[in-house]
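A look at the structure
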Amino acid sequence: MTEYAKPVPVPDEDTAPFWEAARRHELAFQRCDHCGTYAHPPVRFCRGCHDVTEPSFGFATITPRGRIVNWTVIHDAMVQGFAGDAPWVHALVSFDDQPGLTFAATLIDGVGDGLKLGAAVEVVFKDVSRDVTLPLFKLA
Ligand SMILES: [Zn+2]
């Protein structure tokens, strides 16, 4: 594997399970133990059941498919390491398992005819180092 020259995520206590799942090529989000509502990024109180007395969460895999609800085309690579990638597409996707739960990542297909609101996408995983795997999207 060649050296990855871009910034990589640094997991913390709240996000480590997400990145551990990504290394297994699984997409896992924080999920409420009471009502099953997923949250991303992780939250302190569930937006589904609003339990503020005994909030309890784990991480659970989600079906890695959804639809594009927004995107931006990045032309100006302002972060070191991305200069050769422009233009690229950063898509916001709502998941089939829980519409309204969104996640933003690069759409590897780039700008093209398939890039439109509501387009079906699925997650693909890119191992960028021994320790880091990035979830990305591709048109389904
Ligand atoms: Zn809940």
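Preceding this section is the structure that the text describes.
One structure accompanies this document, and this report is about it. (Residues numbered from 1 in each chain as written. Predicted model: local features only at pLDDT ≥ 70, side-chain atom pairs only at ≥ 80, totals over all residues.)

1. Some thoughts on the overall build of the chain
Applicable threshold: The way it works is that DSSP assigns letters per residue, a run of H or I at least four long becomes a helix, a run of E at least two long becomes a strand, and they are numbered from the N terminus. C-alpha atoms define the radius of gyration, and 2.2 Å times the number of residues to the power 0.38 defines the globule rule. Exposure in this text rests on C-beta crowding, where 20 or more other C-beta atoms within 10 Å of a residue's own make it buried, 12 or fewer make it exposed, and counts in between make it partly exposed. The C-beta atoms are placed from the backbone. Placing a C-beta atom from the backbone of each residue, one calls two residues in contact when those atoms lie within 7 Å.
Scanning the chain for helices and strands turns up one helix and eight strands. Listing the helices and strands of the chain from first to last along the sequence gives α-β-β-β-β-β-β-β-β. Against the compact-globule benchmark of 14 Å for 140 residues, the chain has a radius of gyration of 16 Å, which places it among compact chains. Overall, the chain is about 50 × 35 × 25 Å in size when its C-alpha atoms are taken along their principal axes. For the chain, buried positions account for 19% of its 140 residues. Within the chain, residue pairs in contact and separated by at least 24 positions form 52% of the contacts whose partners lie at least 6 positions apart.

2. Here's the deal with the environment of R65
Assignment of secondary structure puts R65 in strand β4 (residues 65-74). Between the alpha carbons of R65 and A120 there is a distance of 7.4 Å; along the sequence they are 55 residues apart.

3. As for helix α1 (residues 16-23)
Residue pairs three or four apart in sequence face the same way in an α-helix, which turns once every 3.6 residues. Condition: The directions from the helix axis to the C-beta atoms form the arc being described.
When we look at burial in α1, the residues that qualify are F18, A21 and A22. In an axial view of α1, the angular spread of the buried residues amounts to 105 degrees, which keeps them on one side of the axis. Backbone geometry just after α1 places H25 at a positive phi near 60 degrees.

4. Description of the sheet that holds strand β1 (residues 28-32)
Selection criterion: Whether two strands pair comes down to DSSP finding at least two bridges between them.
Taken together, the three strands give an open sheet; going across it, the order is β2-β1-β3, and neighbouring strands pair in antiparallel fashion. Across the chains shown, the open sheet's two edge strands, defined by having one partner strand only, are β2 (38-39) and β3 (57-61).

5. With respect to the environment of E26
Here E26 lies in the loop between α1 and β1. Residues E26 and V124, 98 residues apart in the sequence, show an inter-C-alpha distance of 9.2 Å. The contact partners of E26, leaving out residues within four places of it in the chain, are A21 and T61.

6. Considering the pairing of β1
A large share of β1 lies buried, amounting to five of its five residues. Bridging between β1 and β2 involves two bridges; their strand directions are antiparallel. If you follow R31 over to β2, its bridge partner there is Y38. Linkage of β1 to β2, two consecutive antiparallel strands, is achieved through a turn of five residues, within which G36 is found at a positive phi near 85 degrees.

Note that every value here comes from positions in space, so none of it alone points to a role or purpose.
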